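# Descriptive analysis of the structure
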Amino acid sequence: MRNVAQTGRKELEAHRQLVTGVTASVPRYEVVDLDGNKEWVVDVYIGPLEHVEENVIFSVLIAPYARELVSDIGQPVLLERSKQGKYSVIGRTKNQTSGVVFEGGDVEEPTFWIVRDNFASLRLRWLPDLDWVLEELQDDEDAPLQADPDEPLQQVRAFDAFGLQVVGPEATEPEDFPPGSLPAPPGGGSGYSPSAAKGGLYSPIPIETSTSKHVASFPSKFGPKGDPDAMDWGVSELQPMILKVIIE
Amino acid sequence: MRSILPGSWLNAIAGSLTRHPRFQVLIWNPNEVLVNQIADGTLNRPGIDITHFVTNVDYNDNNGFENGDDPSLTSITLTLNRNPGRGLNLRRGLVEDGVIVQLREGDARIRVEDWIPTFTGTFRGRPGDDPGTPANRSEGMTATAYGREERYQNRMVTTGAYRLDPDADPPVTSIDLGEIAASIANKHMGLGQNEILIGNQGVVTRHITNQIVETRALEALYQCLMPCGKKPKFDALGRLVAVDVNLFKAPARIFTNRDYLVKRKVASPNDVEVNNSVVLKGQSHIKAKVLQPDQMLVDLPVVTGFFDFEYEEDIYYSNDHSQKAEETHLRTKHKIIWASAEWEQIDEFHGELSIDTHYLAAARIIIFILWLSNEIAIAVLTYINDILASLVEVEAVAVISVLLTIAKIIALVTLAALLWAMQFVGRGRYQIWGRPYEWVYPEISVQRQIAGLLPEEVREREFRNDFISDKDSLFARAKELLRRELVKDQLFEIEIMNDFLLESDDVLETANGDRFYILTVRKSLSARGENVMTLVCWKVQDGALLAVDAGAIVSTEADL
């Protein structure tokens, strides 16, 4: 067998992963184990995840050769994720991860967005297996074309494979249509369910919603009292750091 | 799609039910001919026709670079008969590794010269050779050839820098990505101008410096074309083209005759787990400023010269003069007495500290002159005292002695004052405070997904392309990628009569309005076989839903 150390190092490097992030706190000297040993640590934001609030790794140890480089909040840093899954800050980087802001919580230049499309917006309305039903224009020649100027001339309804209505006013405004007030859907079924409408997922109208999400970390303000971004005089430490998610 | 002249016989035949299919296989000696010559049309030497040896051609046209890291190759596999009864013998060297081959398809009713090439490539490996046995006379050879993309699968590329120059006349503030792709193909893949059919794409990069580093050639081209909604591919002649990968592009063929040409259309069963969310990451071309809070940059003890009227010094924010800072200001820790200090920021690296000490200097000069004059007076009085003592003028000597003593006391006091003024009064301590900053590459990213997903329902795929540098492009490309992910399980196999026009990445539309995006084209050509091709497709449009939309009158402002 060749040099064991060389092989081991190569294997470690193969599992080593470099991750970029941004410091979400100033480095601090704190206890890192039950024996009371202390080391320099820092909190690091590692990038946006939709369903994770802040996505911050807390109390990441700073490698000694990186200690002088990592000195403040809001600095882009390089983390190493070892084979054992341990993170440590090993240096600085010139890449700033998206979704972070540090100027008092004001998002001047958004860098991360979440966009949700329905099938109509993607022109893929046919993907789900639905029965589309187009209302008759008029029941008879004497029937008015529209009962209300805000109504469409022809209502479009859709039912899923189980017969649940997923598109149409009955699906989205069920309080106007008590159960039993409508004829049974084609192919049978239990009627309508607002949960099946799923935020307009199946609507024939293209719907695209966009929000930006950023993590802000900044020293709390001095006041006014009661402001969520202000410190609690006499209770908290002086100007503790605030970490919060800003969705706009 | 391939270029067939509309209105031509060949195009008409491709859309008809009556076929007399023919094919031709030509080979060239790689020691004499380069595939470049075939691609750019400069080859005058005709190929060697081995068609009469070929009993079957299995053709497989795959979509190269569906995802940027999975280049799949177009290939043909020839089954050859060694002795087709004409007294000819096929040497293995004619179909062995490196030999250039071209497949042409046409119809018996069309001149051979007008048949179209459907594949140009190179044989790889050693051909299989079955000499047959007395019991089994199915002797023959098999050889496989791959398209031109096979040559560049492992070729690594590091380009030069493609730079913008805002200060030039006229200013260069963007570079078209098609220009970069063409440059890569020309300089790093050895393709000539006539082999590269990639022009300006109308999509530009706005980064000051653009470079592809240690990337496979085809992947480098893909990264350049991905923001344009295209991907690189070698066509049937071996020319490099940019193929439009838009799922909703115009169909290359529309079947309107009750699908007689369509033999079979089957939804393929599959267990493809479709991704319902994509993350696309780009990089803004405007660097982000990482601004640190106000902090001490330099701590400066100052000692002014004894008789300096002012103190001026350039102060840098770091020892190596490279630290940038803004909003710098001066803080005085210990002020030099009778002096005023001012700070002026010169640039982002340094500023100038000016301390006006003329009052202090004047005070020192006055004290110094006073001390000096006292010393001179002491010297003179001592001299006079000595003279008077020699003349034994006792009264005068006593007076002079008193004066001398007074002068010495004054001198000592002024000396002390001078020393104090020089050592203590001229010292100060100042600090320069400011906000250090640096410019970094800012990542921009968008997570695009279908509405109504619960966290545990998200199946996500991540893409990255640093040429995408603004929000609008990011959103648009992410939408296209999401569409593409969602249709990946809508696999259909369609068998139709062989159509020379169709190739992978084309869209075809059936008579009922359904549209299909072709992923793979497979066909088997032989003298007596069925002239059909099998298309593996994604369904991208449903004709029935179009009919519902067409029948609906949804406007509330209908003309009555």
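Residues numbered from 1 in each chain as written. Chains lettered and ligands numbered in written order. Predicted model: local features only at pLDDT ≥ 70, side-chain atom pairs only at ≥ 80, totals over all residues. Heavy atoms only, no water.

This part takes up the overall build of chain A. The helix and strand tally for chain A stands at three helices and 14 strands. Out of the 248 residues belonging to chain A, those deemed buried represent 42%. Looking at chain A alone, contacts between residues at least 24 apart form 56% of all its contacts between residues at least 6 apart. Put simply, chain A shows about 14000 Å² of open surface, and 53% of that area lies on carbon and sulfur atoms. (Helix = DSSP H or I, 4+ residues; strand = E, 2+ residues; numbered from the N terminus. Buried < 20%, exposed > 50% of the residue type's maximum accessible area, 1.4 Å probe, protein only. Contact = heavy atoms within 4.5 Å. Areas by Shrake-Rupley, 256 points an atom, 1.4 Å probe, with all protein chains shown as cover.)

This next bit is on the overall build of chain B. Scanning chain B for helices and strands turns up eight helices and 31 strands. Expressed along its principal axes, the backbone C-alpha trace of chain B runs to roughly 155 × 75 × 45 Å. Taking all 560 residues of chain B together, the buried fraction comes to 49%. For chain B, the proportion of contacts with a sequence separation of at least 24, taken over those separated by at least 6, is 76%. Accessible surface for chain B amounts to roughly 27400 Å². Of this, 52% is attributable to carbon and sulfur atoms. Taking the average place of the 58 positive charges on the side chains of chain B and the average place of its 77 negative ones, the gap between the two points comes to 11 Å. (Lys, Arg positive; Asp, Glu negative; His and termini not counted. Charge placed at Lys NZ, Arg CZ, Asp CG, Glu CD.)

Another point: the pairing of strand β6 (residues 87-92) of chain A. Residue and element names in this part refer to chain A. Bridge count for strand β4 (residues 56-62) against β6 is two bridges, and the pairing is parallel. Paired with L61 across the two strands is S88, which belongs to β6. Relative to β6, strand β5 (residues 76-81) is paired through five bridges, and the arrangement is antiparallel. The residue of β6 that forms the bridge with L79 is V89. As consecutive antiparallel partners, β5 and β6 are separated by five residues, and within that stretch G85 has a phi angle of approximately 85°, a positive value. (Pairing = 2+ DSSP bridges.)

Turning our eyes to something else, we now look at a negative patch on the surface. Residue and element names in this part refer to chain B. A cluster of acidic residues, D308, E310, E312, E313, D314, E342, E344 and D356, forms a negative patch on the protein surface. Of all the secondary structure elements, the ones that give two or more residues to the negative patch are β22 (310-316) and β24 (340-345). Among the elements that make up the negative patch, the one with the highest residue count is β22 (four residues). Taking relative accessible area as the criterion, D356 reaches 31% and is therefore assigned partly exposed. (Patch = residues over 30% accessible without salt bridge, like charges linked within 9 Å, V, L, I, M, F, W, Y side chains within 5 Å. Salt bridge = Lys/Arg side-chain N within 4 Å of Asp/Glu carboxyl O.)

Residue and element names in this part refer to chain B. Counting across every chain of the model gives 10 aromatic pairs over all chains. Considering the side-chain rings of Y317 and W343, the 6.4 Å spacing of their centres and the 50° angle between planes classify their relative orientation as tilted. Placement of Y317 in the loop between β22 and β23 (324-334) and of W343 in strand β24 is noted, with a sequence separation of 26 residues between them. Under the relative-accessibility criterion, W343 is labelled buried at 16%. Relative to W439, the ring of Y437 lies with its centre 6.2 Å away and its plane at 85°, an arrangement referred to as edge-to-face. (Phe/Tyr/Trp six-rings, centres within 6.5 Å; stacked < 30°, edge-to-face > 60°.)

Listed per partner, the contact involves 51 residues of chain B and 44 residues of chain A. For the pair chain B and chain A, the two sides together bury roughly 4200 Å², of which 56% comes from carbon and sulfur. A per-residue breakdown of the area chain B buries against chain A is headed by B:Q447, B:A451 and B:L545, which together make up 13% of the total. Taken together, chain B and chain A are joined by five salt bridges. Taken together, chain B and chain A are joined by 21 residue pairs in polar contact (both at pLDDT 80 or more). Going through the elements one at a time, β20 (288-291), β26 (427-450), α7 (471-486), β31 (532-541) and α8 (543-551) of chain B are the ones with two or more residues in the side of chain B that touches chain A. Its residues placed into classes, the side of chain B that touches chain A shows 29 nonpolar, 11 polar and 11 charged. Inspection of the sheet shows strand β7 (residues 95-96) of chain A paired to β26(B) by two bridges, in the parallel sense. Each bridged residue has a counterpart across the sheet, and for A:N95 the counterpart in β26(B) is B:Y441. (Buried area = accessible area lost by both parts, 1.4 Å probe. Polar contact = N/O pair within 3.5 Å; in protein donor to acceptor, adjacent residues only side chain to side chain. Nonpolar A, V, L, I, M, F, W, Y, C, P; charged D, E, K, R; others polar.)

On to the confidence of the model for chain B, then. Looking at chain B, pLDDT values average 85 and 90% of them are 70 or higher. Below a pLDDT of 50 lies the segment residues 553-560 of chain B, which in the model reaches 13 contacts outside its immediate sequence neighbourhood of four places, other chains included. (pLDDT = per-residue confidence, 0-100.)

Let's shift gears to the pattern of salt bridges. The final tally for this structure, using the stated rule, is 32 salt bridges over all chains. A salt bridge links B:E485 to B:K488, with the shortest nitrogen-to-oxygen separation between them at 3.0 Å. Here the residues in one salt-bridge network are A:D117, A:E208, B:R448 and B:K479, joined through shared partners.

Moving on to the sheet that holds strand β10 (residues 131-134) of chain A. Residue and element names in this part refer to chain A. In spatial order, the strands read β10-β11-β12; together these three strands make up an open sheet with antiparallel pairing. Edge positions in the sheet fall to β10 and β12 (165-167), since each has one partner strand and no second. Going from strand to strand, the sheet's axes swing by 35° on average, the running direction of each strand aside. Bridge count for β10 against strand β11 (residues 156-159) is four bridges, and the pairing is antiparallel. Opposite D131, over in β11, you have F159 as the bridge partner. (Axes fitted to C-alpha atoms, helices over the stretch in contact; angles between N-to-C directions.)

Let's shift gears to unusual backbone geometry. For the bond running from B:D169 to B:P170, omega is 0°, close enough to zero to count as cis. Looking at the element boundaries, B:P170 is found in the loop between β9 (162-163) and β10 (175-176). In this model, A:S59 sits at a positive phi of 50°, which is unusual for a non-glycine residue. Following the sequence through the fold, A:S59 ends up in strand β4.

A separate point is the pairing of strand β7 (residues 140-147) of chain B. Residue and element names in this part refer to chain B. Sheet topology places strand β4 (residues 75-80) next to β7; six bridges connect them, and they run antiparallel. When the bridges of β7 are listed, S75 appears paired with Y146. Pairing geometry for strand β6 (residues 116-130) and β7, over seven bridges, is antiparallel. Across the sheet, G128 pairs through a bridge with T142, a residue of β7.

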